[in-house]
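# Close look at the chain arrangement
This is what each chain is made of:
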Amino acid sequence: MPQVVFLPYDLRLEVPRGTSLLAAADEAAEMVDDDFFVGELCEGRHECGNCCVQIVEGADALSPVTESERKLLTELGRGPDTRTACTARVCGDVTVRIPNPVKHAERGRAQMQAHP
Ligand code: FES
């Protein structure tokens, strides 16, 4: 099975091919008791951008960028090393960086800052 490495934790997780980065990140977040994505997620409709991750290695081991994902990333001004975790599917080994993980205890405060 492909391996996903989550930075900054250096968490290594094997997932079935075709797993979304979001599902893998949810599983990894449980291992460290942190929230990787703060704020409401749009469940893959490319409306929120809250699931963006930086691809450090293995961009070619992810499913191709979709048209609506590309449109959202462009609107957000994100570089080519960014993917939406809800859309990117794991096809091989990949290393991603979670931008702003927070402890569960800090989640409420972080959400208030994200959505005043
Ligand atoms: S969950 Fe909203 S863009 Fe991924």
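Our structure is the block above this text.
Report on the accompanying structure.

## What about the environment of Tyr9?
Topologically, Tyr9 is positioned in the loop between β1 (3–7) and β2 (11–14). Taking the C-beta count within 10 Å as the criterion, Tyr9 has 16 such neighbours and is therefore assigned partly exposed. In this structure, the C-alpha to C-alpha distance between Tyr9 and Ile98, residues 89 residues apart in sequence, is 9.0 Å.

## Some remarks on helix α1 (residues 21–32)
Its twelve residues place the ends of α1 17 Å apart at the C-alpha level, agreeing with the 16 Å of an ideal helix rising 1.5 Å per residue. Buried within α1 we find Leu21, Leu22, Ala24, Ala25 and Ala28. Buried residues in α1, looked at end-on, bunch into an arc of 155°, giving them a common side. Looking at the buried side of α1, the elements it contacts are β1, β2, β4 (52–57), β5 (82–84) and β6 (94–97). At the exit of α1 stands Asp33, carrying a positive phi of roughly 60°.

Definitions and cut-offs
Residues numbered from 1 in each chain as written. Predicted model: local features only at pLDDT ≥ 70, side-chain atom pairs only at ≥ 80, totals over all residues. Helix = DSSP H or I, 4+ residues; strand = E, 2+ residues; numbered from the N terminus. Buried ≥ 20, exposed ≤ 12 C-beta atoms within 10 Å, placed from the backbone. Expected span 1.5 Å × (residues − 1). Arc of directions from axis to C-beta. Contact = placed C-beta atoms within 7 Å.

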